Every structure is written in C-alpha cells, then in structure tokens.
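Secondary and tertiary structure notes
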Amino acid sequence: MADHDRVEGAARNIGGKIKEGFGNLTGDEKLKAEGKAEQVAGKVQNTIGGLKDSLHENHKRN
C-alpha cells in the first residue's frame, strides 16, 4: 500500500506543474515560482513516503 506522503506528494507535484503552466501562460512570474516550489515540495514529500515504504517493507521481512 502506498504511503500517504507518496500520494500527497504526487498530487502536490502535479498541482505545482499546473500552477507553473498557468503562470507561463499568463506571464505571472509569482505563480510560476509558486508552482515550481510546490513541485519541489511534492517531490520531497514523495521521496519521504518512498523511504517510509522501504523501511516498512524491510521491517516486515525481518
């Protein structure tokens, strides 16, 4: 089962890409920057979720 952090991180990443796209479309630099920041936060959160999944799997094996 996927960790909550992985699901939420993926959603933040997608939301950030959408926000960045709207920023590009409208020329809104602030919106573009917010979108990029959300993408980074989403990737970090997704990575943390992946680490949690790995730790959980290793714990189950032992």
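Everything in this summary refers to the structure shown in the same document. All of these numbers come straight from a predicted model, not from anything done at the bench. (Residues numbered from 1 in each chain as written. Predicted model: local features only at pLDDT ≥ 70, side-chain atom pairs only at ≥ 80, totals over all residues. Heavy atoms only, no water.)

The number of helices and strands found in the protein chain is two helices and zero strands. Its C-alpha radius of gyration of 15 Å places the protein chain more than 25% over the 11 Å reference for a compact globule of 62 residues. Along the longest, intermediate and shortest principal axes, the C-alpha atoms of the protein chain span 55 × 15 × 10 Å. A total of 62 residues make up the protein chain; the buried ones form 24% of that total. (Helix = DSSP H or I, 4+ residues; strand = E, 2+ residues; numbered from the N terminus. Rg over C-alpha atoms; globule rule 2.2 N^0.38 Å. Buried < 20%, exposed > 50% of the residue type's maximum accessible area, 1.4 Å probe, protein only.)

Okay, a nonpolar patch on the surface next. Nonpolar side chains collect at one region of the surface, where I14, I18, F22 and L25 lie side by side and expose about 450 Å² of accessible area between them. The topology assignment puts F22 in helix α1 (residues 4–26). With relative accessibility at 48%, the residue F22 sits in the partly exposed group. (Patch = residues over 30% accessible without salt bridge, like charges linked within 9 Å, V, L, I, M, F, W, Y side chains within 5 Å. Areas by Shrake-Rupley, 256 points an atom, 1.4 Å probe, with all protein chains shown as cover. Salt bridge = Lys/Arg side-chain N within 4 Å of Asp/Glu carboxyl O.)

Under the counting rule described, the total for this entry stands at seven salt bridges. The salt bridge involving E34 is made with K19; its shortest N-O contact spans 3.6 Å. Taken together, the positions of E34 in helix α2 (residues 29–61) and K19 in helix α1 put the pair 15 residues apart, joining distant regions of the chain. Looking at E34, the relative accessible area reads 31%, which means it is partly exposed. You can call K19 partly exposed: its relative accessible area is 24%. Residues E29 and K32 are paired through a salt bridge, measuring 3.1 Å at the closest nitrogen-oxygen approach. Of this pair, E29 and K32 both sit in helix α2, three residues apart, roughly one helical turn. Exposure remark for E29: the relative accessible area of 52% places this residue in the exposed category.

By the element assignment, G42 lies in helix α2. It is 7.3 Å that separates the C-alpha atoms of G42 and E8, two residues lying 34 residues apart in sequence. Not counting residues within four places of it along the chain, the set of residues in contact with G42 comprises G9, R12 and N13. (Contact = heavy atoms within 4.5 Å.)

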